[in-house]
Amino acid sequence: MNDWTSGYVAELDYTHDFFHEMTPSRLAFSAVSRGHRHGLDSDELTYCELGCGQGFTANLLAAANPHIDVHAMDFNPAHIAGANRLAAEAGLANAHFYERSFEDFEEEAELPNTFDVIALHGVYSWISRENQQRITGFISRRLKPGGLVYISYNTQPGWAPSMPLRRILTDRAAQGSGPLEQRIEDALNFAERLKQVGAEFFVSNPGQLRRLSEMKTMPRNYLAHEFFNKDWTPFHFADVAEDMAQAKLEFLGAANPLDHVDDICLSSPQRALLAEESNTNRREGLRDVLLNEQFRADIFSRGHVPHTERGSVGAWFQTGFALARHYGSGPLKISWRNGDVALEAGQYEPVLRALAEGHKTVRALLEQGVFADMTWGEITRLLTILTGAGHIVPCLPSEGYADRAAQCQAFNLAVCKNAEDSERLGFLASPVTGGGVAVDRMEQLFLLGQSEGQTAPNDWAEFAWQILGPQGQRLEQDGRVLTQPEENLAVLRARAHAFAARRLGILTGLGVSLIAADPLLSDAVAPKAALSGRSTAA
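Only a predicted model underlies this, so the values are computations on that prediction, with no experimental measurement involved. Residue numbering note: each chain is counted from 1, following its sequence as written. Residue-level local features of this predicted model are given only where pLDDT is at least 70; pairs of side-chain atoms are given and counted only at 80 or more, and the full residue set underlies all totals for whole chains, interfaces and linings. Side-chain numbers here rest on the full set of heavy atoms in the structure, without hydrogens or water.

Caption draft 1: Summary view of the overall build of the protein chain. Across its full length, the protein chain holds 21 helices and 16 strands. Our radius of gyration looks at C-alpha atoms and nothing else; its globule reference is 2.2 Å times the residue count to the power 0.38. Computed over the C-alpha atoms, the radius of gyration of the protein chain is 24 Å, within 12% of the 24 Å expected from 2.2 N^0.38 for a compact globule of 538 residues. With the principal axes as the frame, the protein chain shows a C-alpha extent of 65 × 65 × 50 Å. Burial classes: relative accessible area under 20% of the type maximum marks a residue as buried, over 50% as exposed, and values in between as partly exposed (1.4 Å probe, protein chains only). A burial count over the protein chain gives 53% of its 538 residues as buried. For this analysis, residues touch if any pair of their heavy atoms sits within 4.5 Å. Relative to all contacts within the protein chain whose residues are 6 or more apart in sequence, the contacts with residues 24 or more apart total 77%. Element-wise, carbon and sulfur atoms account for 48% of the exposed surface of the protein chain, whose accessible area totals about 23500 Å². His is not counted, nor are the chain ends, whereas Lys and Arg count as positive and Asp and Glu as negative. Working definition for charges: the position is that of NZ of Lys, CZ of Arg, CG of Asp or CD of Glu. Counting 48 positive and 67 negative side-chain charges, the protein chain places the centres of these two groups 3 Å from one another. Each helix is a run of H or I in the DSSP string that is no shorter than four residues. Each strand is a run of E no shorter than two, and both are numbered from the N terminus. The Shrake-Rupley method, run with a 1.4 Å probe, gives the accessible areas here. Residue values count only the displayed protein chains as cover.

Here is the structure:
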């Protein structure tokens, strides 16, 4: 292993994922939900991602937020080369990538002095204690007062039963030779043999049988980075909170809004027990025990400035929302930690139908009367749950929309061009939300066909097949690989029609397009949420 890796897997590239929790507009919503006054509504922001992997999240956020200067680092030169290539293809002037280690990152002369947001996803648990301390030192010196930190990490007690399994796998892989991917395969097969001969560990820990079964289905490059690094630390919350405290940070709340609603996470007796604990760190640690938590994604702030009651209501009033999923009719089924979430159709249906007409602020929804006689607490609870469950998504204001739309269009075109050769990039940028939207390869090819003048779903299918067919790509149906061109075309046509009926309208509403809008019509395509009182004080 080369010294530059510091024990971190470098042989297999990391996945090209997008992490919604890192979106500035979503971080802003989480802050509002927790009653915190954030500074993310500024016209100029600086954002830093530590350990950016392939840099796809950083590139997408830069595309969707031209007003944010995005800086991202990773120690792997292949990752940074790929990130720079995509940024160049999309013409992103506000995306900056650095091949640096945590040790020497601050030596980079082009870095801003301070950042509004510092984010690290899937990093802290997988690096040495020395590098963890370098990160907290960087945050201490570079995060602005009032700035936010997003950090995700493996957590105790949820990982406690898996630590022996992880040790078995890494020891076995270390004994082998040859490519890491094959050594991972051999390690999984060895663990399977242990199960088959009746190892008491699996008998006493049946949950690890499920984990082993799940691991066998996961991409090997994901497993390499998740389980096979030299350093791997599941933290107690209090330990991470203490590290953040060294940088003058305090816990703001979970990045997932669903975790802001205790009654859908915990039983009544559990909530009563937690209410007895006033210390935040101990309370979160007890909560992790009650939930057997194994992964946390948290937001910390450098200087907590709470809203007044009136200010909190005003912040909610100005928050815009857009529909993120197609909604036809019938009950919404939302399940979370405490089982199915009970929502009344009479409350959520008017909201979803109103947002199907266009993006709206909470103020506009109130003026439209969609909340009927709901209390303020019921309104904010409903919006928080719908956001956490992915049915609606927070919006950016209308100011700057034309610039965002143009930059997103260029980025999305670059991503969809990549879809001609691979399915690695599975998200497009939304100028409405400032975040990403999951769009698979077939859907990207349909959009690409539309951008090249194909007007009907059957034409999009033909366009996609002209790309896939010569590559030897074949679709599957009912577990069978389709060998005949006409069979493949039939499936593509069906998918294209379904896309047109259920997905295209949502993507259009989110501003996800490969067709440049007429600048003179920018007001017409700007988020309606912003045009219905976004900037008016409550």
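From this point, things continue past the structure.
Caption draft 2: Main features of the layout of surface pockets. As a volume, the largest pocket reaches approximately 990 Å³. Definitions used throughout: a 1 Å grid over protein atoms alone; a cavity as a set of points that fits a 1.4 Å probe which cannot get out; a pocket as an open set with protein on both sides within 12 Å along at least five of seven lines; a lining residue as one with an atom within 4 Å of a point. Forming the boundary of the largest pocket are 44 residues, of which Asp259, Phe295, Arg296, Ala297 and Arg337 lie nearest the centre. Of all the secondary-structure elements, those providing two or more residues to the lining of the largest pocket are β5 (143–154), α8 (206–215), α9 (220–227), β6 (250–254), α12 (280–291) and β7 (295–301). If one sorts the elements of the lining of the largest pocket by residue count, α12 sits on top with five residues. Grid points are joined across faces, edges and corners, and a volume is the space filled by probe spheres set on the points.

Caption draft 3: Main features of the pattern of salt bridges. For this analysis, a salt bridge means a side-chain nitrogen from Lys or Arg found within 4 Å of a carboxyl oxygen belonging to Asp or Glu. The tally for this structure, following the rule as stated, stands at 32 salt bridges. For aspartate 263, the salt bridge is made with arginine 381, and the minimal N-O distance between the two is 2.7 Å. Within this pair, whereas aspartate 263 is found in the loop between β6 and α11 (268–275), its partner arginine 381 is found in helix α16 (residues 376–388), the two being separated by 118 residues in sequence. Overall, the relative accessible area of 26% leaves arginine 381 in the partly exposed class. Each of Asp259, Asp262, Arg283, Arg287, Glu293 and Arg337 takes part in a single network of salt bridges with overlapping partners.

Caption draft 4: Helix α5 (residues 163–175), seen in detail. In a regular helix each residue adds 1.5 Å, so 13 residues correspond to 18 Å; α5 covers 18 Å between its end C-alpha atoms and thus fits that length. For α5, the complete set of buried residues consists of Leu165, Arg166, Leu169, Thr170 and Ala173. Along the axis of α5, the buried positions cluster into a sector of 125 degrees, meaning they face one direction only. Facing away from the buried surface of α5 by more than 90 degrees, the exposed residues are Arg167, Ala174 and Gln175. Contacts made by the buried residues of α5 are with α6 (180–196), α7 (200–204), α8 and α9. A helix is expected to span 1.5 Å multiplied by its residue count minus one. By construction, the arc corresponds to the directions joining the helix axis to the C-beta atoms.

Caption draft 5: Inspection of the sheet that holds β6 at higher detail. Taken together, the seven strands give an open sheet; going across it, the order is β3-β2-β1-β4-β5-β7-β6, and neighbouring strands pair in mixed fashion. Of all the strands in the sheet, the pair left with one neighbour each is β3 (95–99) and β6. For this sheet, the mean angle separating the axes of adjacent strands, direction not counted, is 20 degrees. Here, a strand pair is defined by DSSP locating no fewer than two bridges between the strands. The pairing of strand β2 (residues 68–74) with β3 spans five bridges and is classified as parallel. Bridge pairing links histidine 71 to histidine 96 in β3. Working convention: axes come from line fits to C-alpha atoms, limited for helices to the stretch in contact. Angles between N-to-C directions cover 0 to 180 degrees. Strands in contact with helix α10 (residues 237–245) are β5, β6 and β7; relative to β7, the strand with the most contacts, it is inclined by about 30 degrees.

Caption draft 6: Spotlight on the packing of α11 against α12. Closest axis-to-axis distance for the α11/α12 pair is 10 Å, and the angle between their directions is 155 degrees. Relative to α12, α11 is oriented roughly antiparallel. With respect to the hand of their crossing, α11 and α12 are arranged in right-handed fashion. Here α11 contributes Gln270, Leu273 and Leu274 to the contact with α12, which in turn contributes Arg283, Leu286, Arg287 and Leu290. A per-class count over the contact of α11 with α12 returns four nonpolar, one polar and two charged. In what follows, roughly perpendicular refers to angles from 65 to 115 degrees, roughly parallel to angles under 35, roughly antiparallel to angles over 145, and oblique to any angle outside these ranges. What makes a crossing left-handed is the near helix being turned counterclockwise from the far one by less than a right angle; a clockwise turn instead makes it right-handed. The residue classification treats Ala, Val, Leu, Ile, Met, Phe, Trp, Tyr, Cys and Pro as nonpolar and Asp, Glu, Lys and Arg as charged. All others, Gly included, are polar.

Caption draft 7: Representation of the nonpolar core. If you look at the biggest cluster of nonpolar residues, it comprises 116 residues, and the most contacted ones within it are Phe56, Phe97, Leu383, Leu386 and Phe411. Here this core gets eight residues from one element, more than from any other, and that element is helix α20 (residues 485–509). Here leucine 383 is in contact with Phe29, Trp316, Phe321, Val351, Val362, Phe371 and Ile392, once residues within four sequence places are set aside. Core analysis: the second largest hydrophobic core is formed by 29 residues, Leu50, Ile127, Ala247 and Phe300 among them. Side-chain atoms within 4.5 Å link the members of a nonpolar core, which is a set of buried Ala, Val, Leu, Ile, Met, Phe, Trp, Tyr and Cys residues.

Caption draft 8: Quick look at the packing of helix α1 (residues 24–33) against α16. The N-to-C vectors of α1 and α16 enclose an angle of 150 degrees; their axes lie 12 Å apart at closest approach. Looking at the two axes, α1 sits roughly antiparallel to α16. When the axes of α1 and α16 are compared, the crossing they make is left-handed. Contacts from Arg26, Phe29 and Ser33 of α1 reach α16 at Leu383, Thr384, Thr387 and Gly388. Class assignment of the residues belonging to the contact of α1 with α16 gives a composition of two nonpolar, four polar and one charged.

Caption draft 9: Region of the structure containing the sheet that holds strand β12 (residues 392–395). Reading across from one edge, β11-β8-β12 is the order of the three strands in this open sheet, with antiparallel pairing throughout. Whereas interior strands pair on both sides, the edge strands pair on one side only; in this sheet they are β11 (360–361) and β12. Across two bridges, strand β8 (residues 320–323) lies against β11 in antiparallel orientation. Bridging from a neighbouring strand, glycine 320 pairs with threonine 361 of β11. Against the sheet, α16 engages β8 and β12, with an angle of about 105 degrees to β12.

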